[in-house]
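What the coordinates show
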Amino acid sequence: MRAGLLKILLFLLLPVFSSAQRILYTEPLAVDNRDMDFEIIGKVKSNILIFKNIRFKYAISVYDDSMKLIEKKPLDFIEGKTFNVDFITYPDFLYLIYQYQKKRVVYCKAVKLDAAGNMLDKPVTLDTTEIGFLGDNKIYSVINSENKQYISIFKIQNKNEKLNFATLLFDNQLQKISKDNYTLPYIERRDVYNNFSLDNEGNFVFTKSSTIGNTEVLANLQILVKPPIKDTLLWHKIQLNDLFLDEVKLKIDNANKRYLLNSFYYKQKRGNVVGLFSAIWDRPADSVVVNSYLPLDDTIRSLAKKDASVKAAFNNYFIKNIIVRKDGGYILIAEDYYTQTLNTNPWNRWDNLYSPYANYYRYYNYYDPFYRSFYSFNNTPNTKFIYNNIIAISFDKHSAMEWCRIISKEQFAEENDNYLSFINFNTGGQIHFLYNLVERKRQLLSDYSIAADGTTKRNPVFRTLDEGYEFMPQFSKQVSSRQLILPCTYRGNLICFAKVDY
């Protein structure tokens, strides 16, 4: 009897032990406070690198595998105040690409660093732009292909109701392959250029869409492709069948040489979200191979809603991520998000489509819409942030739905959303969703996982959470197949980092 009871107890305890994670923290330092901006660079060799900016003093903190600080390397070669800092990591080195203004000239430079943050070569100038006295100096954006064999810097300047668009393409040794200039049509507050991406063969891809009247609803959509060694810009129109879209997300499927386009859609300009739009552009065929609309039925709506009617269940959902599979299928992940602000008009989706995963500029997007990488504390007085349920939908290569799962959560905070939302962490066989939940006035990091076949599992909360640490999952970064770096605050003020090993 006792032996049988012992077996049952061991069986019940097995998931806890098999799902246990190992968490290691960096030492909280007095200088790493809320005045600091940071970006998790990634893992180079065996070191974890984190960029830090404290009042325009730049440095890279180098940590070993135990998250012990090896050294803090000042970046004294950076001249003046930078506008953007981007990093592209490789197994044994990284590129730091930055831009700054000197008099009326904006410089975009790059430097190669080793795993300890030391310069391997002197900074090189990739491009320069002369601007007017009151001109916008945030000129350049940086993207790279998934395989990191291609790097592109590009700039867009609005002039006389036209966009001057220039692209520069480099190989992984920063040798220039091409430089091209175009003039793009642009109607202010109507046209949206975004989703700038680079595929593994060096094709520069982005989208153009246009709104109707004074709404944010999109009524037409085009995909633009610039081949790597041609100065041609190819325009392809996507049929919308008299339906309306909100913000479109583009994801490159490099394994199958396809471009995935997804959005929520409506049947009328300010109507409720009806379902999900999907289009797939096949590059070898040079055509649309999928153009589909998936209505979200009442069963899914009843699970997805919080305090909304069934018809309005998806009106606050925004696409957060798209994960592609080798077989051509993909998983779309969206989150229920909205804000409440005192003494202003109530929240509505149609005036805030670009809010949570923002395009910082109306007509084009400097940053990856699926990943907020550069972090700084920003308070928004009199504003309440609400992040609720997550939905994950699996599609096959024809954009037919395979399964749909809802992860139920309720999160809210006033003035800032630093500790809200989630990070999805792909371990190969499973996608983990990490997010904070408050339980008995204590913040716990929850872990919910979905397997490739849709099997769901609520894993035990992280067991090695130490008193005084609060995690910021949405600013996390996966640095290897089973390793995640989570930024956190210690006792509410000092910023530190935790490494999670699965």
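The structure reproduced in this document is the subject of the present report.

About the cut-offs
Residues numbered from 1 in each chain as written. Predicted model: local features only at pLDDT ≥ 70, side-chain atom pairs only at ≥ 80, totals over all residues. Heavy atoms only, no water. Helix = DSSP H or I, 4+ residues; strand = E, 2+ residues; numbered from the N terminus. Buried < 20%, exposed > 50% of the residue type's maximum accessible area, 1.4 Å probe, protein only. Contact = heavy atoms within 4.5 Å. Areas by Shrake-Rupley, 256 points an atom, 1.4 Å probe, with all protein chains shown as cover. Pairing = 2+ DSSP bridges. Salt bridge = Lys/Arg side-chain N within 4 Å of Asp/Glu carboxyl O. Axes fitted to C-alpha atoms, helices over the stretch in contact; angles between N-to-C directions. Phe/Tyr/Trp six-rings, centres within 6.5 Å; stacked < 30°, edge-to-face > 60°.

Attention now goes to the overall build of the protein. Along the protein, the regular secondary structure elements total two helices and 35 strands. Counting across all 502 residues of the protein, residues that qualify as buried make up 55%. Pairs at least 24 apart in sequence give 52% of the contacts found in the protein among residues at least 6 apart. Surface accessibility of the protein: about 23,000 Å² in total, with carbon and sulfur atoms responsible for 49%.

We now examine the pairing of strand β3 (residues 47-54). In terms of residue burial, β3 counts as a mostly covered element, since eight of its eight residues are buried. Burial of the side chains of β3 extends over both faces: N47, L49, F51 and N53 are buried on one face and I48, I50, K52 and I54 on the other. Two elements, strand β2 (residues 36-44) and β3, share eight bridges in a ladder whose sense is antiparallel. When the bridges of β3 are listed, V44 appears paired with N47. As consecutive antiparallel partners, β2 and β3 are separated by two residues, and within that stretch K45 has a phi angle of approximately 55°, a positive value. Relative to strand β4 (residues 57-63), β3 is paired through seven bridges, and the arrangement is antiparallel. The residue of β4 that forms the bridge with K52 is A59.

Here we come to the pattern of salt bridges. Opposite charge on two side chains allows them to pair when their charged atoms are near. The full count for this structure, using the stated rule, is 19 salt bridges. D327 serves as the salt-bridge partner of R325, at 3.2 Å between the closest nitrogen and oxygen. Given a relative accessible area of 48%, D327 falls into the partly exposed group. In this structure, a network of salt bridges that share partners links the residues K43, D65, K499 and D501.

Sheet architecture is open: four strands sit in the order β6-β7-β8-β9, paired in antiparallel fashion. Each of the sheet's edge strands pairs with one partner strand only, and the pair in question is β6 (82-89) and β9 (124-130). Taken over all neighbouring pairs, the strand axes of this sheet differ in orientation by 15° on average, direction set aside.

To continue, consider the side chain of T26. Looking at the secondary structure, you find T26 in the loop between β1 (22-25) and β2. Exposure remark for T26: the relative accessible area of 3% places this residue in the buried category. Excluding anything up to four places from it in sequence, T26 contacts Y63, M67, Y469, C496 and F497.

With the rule as written, the count across this model stands at 32 aromatic pairs. An angle of 90° between the planes, with centres 5.1 Å apart, marks the rings of F38 and F497 as edge-to-face. With a gap of 459 residues between them, F38 in strand β2 and F497 in strand β35 (residues 494-501) connect regions that are remote in the sequence. A single burial state applies to F38 and to F497, both of which are buried. Between the aromatic rings of Y265 and Y293, the centroid separation amounts to 5.0 Å while the plane-to-plane angle is 85°, which identifies the pairing as edge-to-face.

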